[in-house]
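Here is how the chains run, residue by residue.
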Amino acid sequence: MDRWLENGSLKKTDVVSSNAEIAESKDTAILEPAMQSTSSSVQLQPHLPTLPSSNFGQVVSTKRRKYDTSYLSFGFNSTGNEEAPDAVCLLCNKILANSSLAPTKLLRHLEKNHPTDKGKDISFFKRKLESHNKSRSFMKKKNSKQIIKR
């Protein structure tokens, strides 16, 4: 800076060297008090942040929802494992994952995909469930007869 005041002009190399000098003086000003307070046997080491361990290859437990009979009013029945059941829509036979067993998600499916059936009574969905169960039992019988014939 002093050179600019004397000459009235400043070169880029002067700026770089003066910035480097300022940075160096700041670093030494910060370290000098810390160096004075430590003994000669202790060395300062930079603090490195620790990274969290990876869960790669480990099973992460998630919340498993249980089927509730009130979900029938949204047009859904349970299927699969009793501990972590999936939901099957009685209107379109779409199977939703266990994470979708929240009532709001079931209601959203009903509103979005079946808006005409949204205001239906629970007796409507009970009739759908009965027909769904009959068709499942029919398919089981048909498949078992085909296996025996082969």
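Bear in mind the structure is a predicted one, so any value in this text is a computation, not a measurement. (Residues numbered from 1 in each chain as written. Predicted model: local features only at pLDDT ≥ 70, side-chain atom pairs only at ≥ 80, totals over all residues. Heavy atoms only, no water.)

Caption draft 1: Geometry of helix α3 (residues 103–113). Within α3, burial applies to Leu-106, His-109 and Leu-110. Buried residues of α3 fall within an arc of 95° about the axis and therefore sit on the same side. Exposed residues lying more than 90 degrees from the buried face of α3 are Thr-104, Arg-108 and Lys-112. (Buried < 20%, exposed > 50% of the residue type's maximum accessible area, 1.4 Å probe, protein only. Helix = DSSP H or I, 4+ residues; strand = E, 2+ residues; numbered from the N terminus. Arc of directions from axis to C-beta.)

Caption draft 2: Here's a closer look at the UniProt feature "domain: BED-type" (unreviewed entry) in the protein chain. If you check UniProt for "domain: BED-type" (unreviewed entry), the listed places come out as residues 87–115 in our numbering. Helix makes up 38% of residues 87–115 and strand 17%, with an end-to-end C-alpha separation of 19 Å. (UniProt positions renumbered as here; feature names shortened; annotations may be inferred.)

Caption draft 3: Examining the nonpolar core more closely. Tyr-71, Phe-74, Phe-76, Ala-87, Cys-89, Leu-96, Leu-101 and Leu-106 together form the largest nonpolar core, which totals 8 residues. Among residues more than four places away in sequence, those in contact with Cys-89 are Gly-75, Phe-76, Lys-94, His-109 and His-114. Within the second largest apolar cluster, 6 residues are counted, among which are Leu-72, Leu-110, Phe-124 and Phe-125. (Core = buried A, V, L, I, M, F, W, Y, C linked by side-chain atoms within 4.5 Å. Contact = heavy atoms within 4.5 Å.)

Caption draft 4: The arrangement of the state of the cysteines in detail. Inspection of every chain in the model, using the stated rule, returns 0 disulfides. For Cys-92, which is in no disulfide, the shortest distance to another cysteine sulfur is to Cys-89 and amounts to 3.6 Å. (Disulfide = S-S within 2.5 Å.)

Caption draft 5: Local environment of the side chain of Asn-98. In this fold, Asn-98 is placed in the loop between β3 (95–96) and α3. Of the polar contacts made by the side chain of Asn-98, one reaches the backbone nitrogen of Arg-65; its length is 2.9 Å. Here the side chain of Asn-98 touches Pro-85 through a polar contact of 2.7 Å, landing on its backbone oxygen. (Polar contact = N/O pair within 3.5 Å; in protein donor to acceptor, adjacent residues only side chain to side chain.)

Caption draft 6: Structural context of the packing of aromatic side chains. For the coordinates displayed, the defined rule picks out 2 aromatic pairs. Ring plane angle 80° and centroid distance 5.6 Å describe the contact between Tyr-67 and Tyr-71, whose orientation is recorded as edge-to-face. The exposure class of Tyr-67 is partly exposed, given its relative accessible area of 22%. Considering the side-chain rings of Phe-124 and Phe-125, the 5.2 Å spacing of their centres and the 75° angle between planes classify their relative orientation as edge-to-face. Classification of Phe-124 by relative accessible area gives buried; the value is 16%. The aromatic ring of Phe-124 is capped on one face by Lys-120, whose charged end is 4.9 Å from the ring centroid. (Phe/Tyr/Trp six-rings, centres within 6.5 Å; stacked < 30°, edge-to-face > 60°. Lys NZ or Arg CZ within 6 Å of the ring centre and 35° of its normal.)

Caption draft 7: Region of interest: the confidence of the model for the protein chain. Considering every residue of the protein chain, the mean pLDDT works out to 74; 55% of them sit at 70 or more. For the protein chain, the element scoring lowest by mean pLDDT is helix α2 (residues 12–37), at 51; α3 scores highest, at 94. (pLDDT = per-residue confidence, 0-100.)

Caption draft 8: Molecular detail of the pairing of strand β2 (residues 86–89). Bridging between strand β1 (residues 76–79) and β2 involves 4 bridges; their strand directions are antiparallel. Bridge pairing in β2 links Thr-79 to Asp-86. Between β1 and the antiparallel strand that follows it, β2, lie 6 residues; Gly-80 among them carries a positive phi value of about 90°. Here β2 hands over to β3 after 5 residues, with Asn-93 in that stretch at a positive phi of 60°. (Pairing = 2+ DSSP bridges.)

Caption draft 9: Looking closely at unusual backbone geometry. Backbone geometry at Asn-93 places phi at a positive 60°, although glycine is not the residue there. With respect to the helices, strands and loops of the structure, Asn-93 is situated in the loop between β2 and β3.

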